[in-house]
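If you want the building blocks of each chain, they are given just below.
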Amino acid sequence: MKPDTVVFDKIHSVIAHAAAAACTEAGMHPISAEGVDLVELLKSHCARVQAFIFDIPSHSEDGFDPANLVGADVEKICTQLDAEVSGFLAVCGDVTRALSPHKQAAIWALCADDVASDLAGGATAPAATQARVGALKSLAKEYGRMGLSYHALVCQPPRESATAEQWRTVRGALKVYAMRYKAPLALEYGRFLVAVLNTSQAMNGSVVTMGVGVMEMGG
């Protein structure tokens, strides 16, 4: 039986919705694990699970600047960050234990390019993104031999996430780079991810940064 099921931890962001739509378009079966027992869900579908995808972090670290903490609600941000990272690691453990016997699944985490997100006026979560990337690279080293692969897809905000006026402002801020920058459609991200899932890739622990006129993640 060929694996054709893609499980999402949740489907909230525009990009996650687009990825689920791209899966359906390709004849795959997207499932959201939100609100259900993840371990039981994976056990019942494990032989057919092709991939597990984490949606973009749901919290925001806006206002948290380690170099200038005046006015920032540091305690709140740190509490949210701890919950986000702890939850991410716990789910990684559940997914790894459930899928490792079948030696066939890819685990992908969607992450936001915080530089581009900030320019577009969106929420940023650079610490959570860096934590995800670090954890996935470590898991790839430990469990790649068991047939699992772990990757991060770092996405600039899709075109649908801001108004035309907001994108004009972004292009103005980019100045000389403006002619090289164009916000991709969310479905372009989704179709790329599906194409990677359906291609035999000799890769593990990869960080793929997507966007037209690529910037880089902030530190």
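Quick look at the structure, then. Counting restarts for each chain: residues are numbered from 1 in the order of the written sequence. Restriction of local features to residues with pLDDT of at least 70 applies here, the model being predicted, together with a cutoff of 80 or more for giving and counting side-chain atom pairs; totals for whole chains, interfaces and linings are based on all residues. Hydrogens and water are ignored here; the side-chain numbers use all heavy atoms of the structure.

1. With respect to helix H7 (residues 186-197)
Condition: In DSSP terms, a helix is any run of H or I states spanning at least four residues, a strand is any run of E spanning at least two, and both are numbered starting from the N terminus. Expected span of a helix, by definition, is 1.5 Å for each gap between consecutive residues, and there is one gap fewer than residues. Buried means the residue's accessible area, taken with a 1.4 Å probe over protein chains only, is under 20% of the maximum for its type, while exposed means over 50%, and partly exposed covers the values in between. The directions from the helix axis to the C-beta atoms are what the arc is built from.
Here H7 spans 17 Å end to end across 12 residues, near enough to the 16 Å set by a 1.5 Å rise per residue. Along H7, the residues that are buried comprise Ala186, Tyr189, Gly190, Leu193, Val194, Val196 and Leu197. Within H7, the buried residues cover an arc of 160 degrees as seen down the axis, which keeps them to one side.

2. Details of the pairing of strand E4 (residues 106-112)
Rules: When DSSP finds at least two bridges between two strands, those strands are taken to pair.
E4 sits mainly inside the fold: 7 of its 7 residues count as buried. Judged by which residues are buried, E4 turns out to be covered on both faces: Ala106, Trp108, Leu110 and Ala112 on one side and Ile107, Ala109 and Cys111 on the other are all buried. Pairing analysis gives 4 bridges linking strand E3 (residues 49-54) to E4, with the strands arranged parallel. The residue bridging Phe54 from the neighbouring strand is Ala109, located in E4. The pairing of E4 with strand E5 (residues 149-155) spans 7 bridges and is classified as parallel. For Ala106, the partnering residue across the bridge sits in E5 and is Ser149.

3. A word on the packing of helix H2 (residues 38-45) against helix H3 (residues 74-99)
Basically, it comes down to this: Axis angles are defined between N-to-C directions and span 0 to 180 degrees, where every axis is a line fitted to C-alpha atoms and, for a helix, only to the segment in contact. Every angle not falling under 35 degrees, over 145, or within 65 to 115 is termed oblique; those three ranges are roughly parallel, roughly antiparallel and roughly perpendicular. Handedness of a helix crossing follows the sense of rotation of the near helix relative to the far helix, less than a right angle counterclockwise being left-handed and clockwise being right-handed. Two residues form a contact once any of their heavy atoms are found within 4.5 Å.
Between H2 and H3, the shortest axis-to-axis distance is 10 Å and the interhelical angle comes to 25 degrees. The orientation of H2 with respect to H3, classified from their angle, is roughly parallel. Between H2 and H3 lies a crossing whose hand is right-handed. Counted together, Leu38, Val39 and Leu42 of H2 and Val91, Asp94, Val95, Ala98 and Leu99 of H3 form the full contact between these two elements.

4. Some words on the environment of Ser138
Structurally, Ser138 is set in helix H5 (residues 126-143). Taking the C-alpha atoms as reference points, Ser138 and Gly205, 67 residues apart in sequence, are found 7.7 Å from one another.

5. Observations regarding helix H6 (residues 164-174)
Looking only at H6, the buried set comprises Trp167, Val170 and Leu174. For H6, the angular spread of the buried residues around the axis is 55 degrees, confining them to a single face. Where the residues of H6 are buried, they touch helix H4 (114-119).

6. Some details on the side chain of His151
Short version of the rule: A 3.5 Å cut-off defines polar contacts: any pair of N or O atoms within that distance qualifies, except that in protein one atom must be a possible hydrogen donor and the other a possible acceptor, and neighbouring residues in sequence count only when both atoms are side-chain atoms.
Position of His151 relative to the elements: it lies in strand E5. Residue class for His151 comes out buried when judged on its relative accessible area of 2%. At a separation of 3.3 Å, a polar atom in the side chain of His151 contacts the main-chain amide nitrogen of Ser206. Setting aside its immediate chain neighbours within four residues, His151 contacts Ile107, Trp108, Ala109, Leu136, Met203, Asn204, Gly205 and Ser206.

7. Overview of the packing of aromatic side chains
The test is simple: Pairing of aromatic rings covers Phe, Tyr and Trp, the last through its six-membered ring, and needs centres within 6.5 Å; plane angles under 30 degrees mean stacked, over 60 mean edge-to-face, and all others mean tilted.
Taken as a whole and assessed by the stated rule, the structure comprises 2 aromatic pairs. Pairing Phe52 with Phe54 gives two aromatic rings, centres 5.1 Å apart and planes at 70 degrees, and the pair type is edge-to-face. The exposure class assigned to Phe54 is buried, which follows from its relative accessible area of 2%.

8. Section: the pattern of salt bridges
Filter applied, for reference: Each reported salt bridge corresponds to a side-chain nitrogen of Lys or Arg within 4 Å of a carboxyl oxygen of Asp or Glu.
Under the criterion given, the structure shown has 5 salt bridges. The salt bridge involving Arg191 is made with Glu25; its shortest N-O contact spans 2.8 Å. Of this pair, Arg191 sits in helix H7 while Glu25 sits in helix H1 (residues 14-25), and the two are 166 residues apart along the sequence.

9. What about the nonpolar core?
The condition that has to hold: Take the buried residues of types Ala, Val, Leu, Ile, Met, Phe, Trp, Tyr and Cys, join any two whose side-chain atoms come within 4.5 Å, and each joined set is a nonpolar core.
One finds Leu42, Phe52, Leu99 and Ile107 to be the most contacted residues of the largest nonpolar core, which totals 27 residues. Secondary-structure elements contributing two or more residues to this core are H2, E3, H3, E4, H5 and E5. What Leu42 contacts, discounting residues up to four positions off in sequence, is Val7, Phe52, Asp94, Val95, Ala98 and Leu99. Formed by 26 residues, the second largest nonpolar core is a distinct cluster that contains Val6, Phe8, Ile56 and Val196.

10. Let's talk about the packing of H1 against H7
As a reminder, the rule being used: For this classification, Asp, Glu, Lys and Arg are treated as charged, while Ala, Val, Leu, Ile, Met, Phe, Trp, Tyr, Cys and Pro are nonpolar and the rest, including Gly, are polar.
At a closest axis distance of 7 Å, the pairing of H1 and H7 adopts a crossing angle of 50 degrees. Compared by their axis directions, H1 and H7 come out oblique. The hand of the H1/H7 crossing is right-handed. On H7, the residues touching Val14, Ile15, Ala18, Ala19, Ala22, Cys23 and Glu25 of H1 are Ala186, Leu187, Tyr189, Gly190, Arg191, Leu193 and Val194. A class-by-class count of the residues in the contact of H1 with H7 yields 11 nonpolar, 1 polar and 2 charged.

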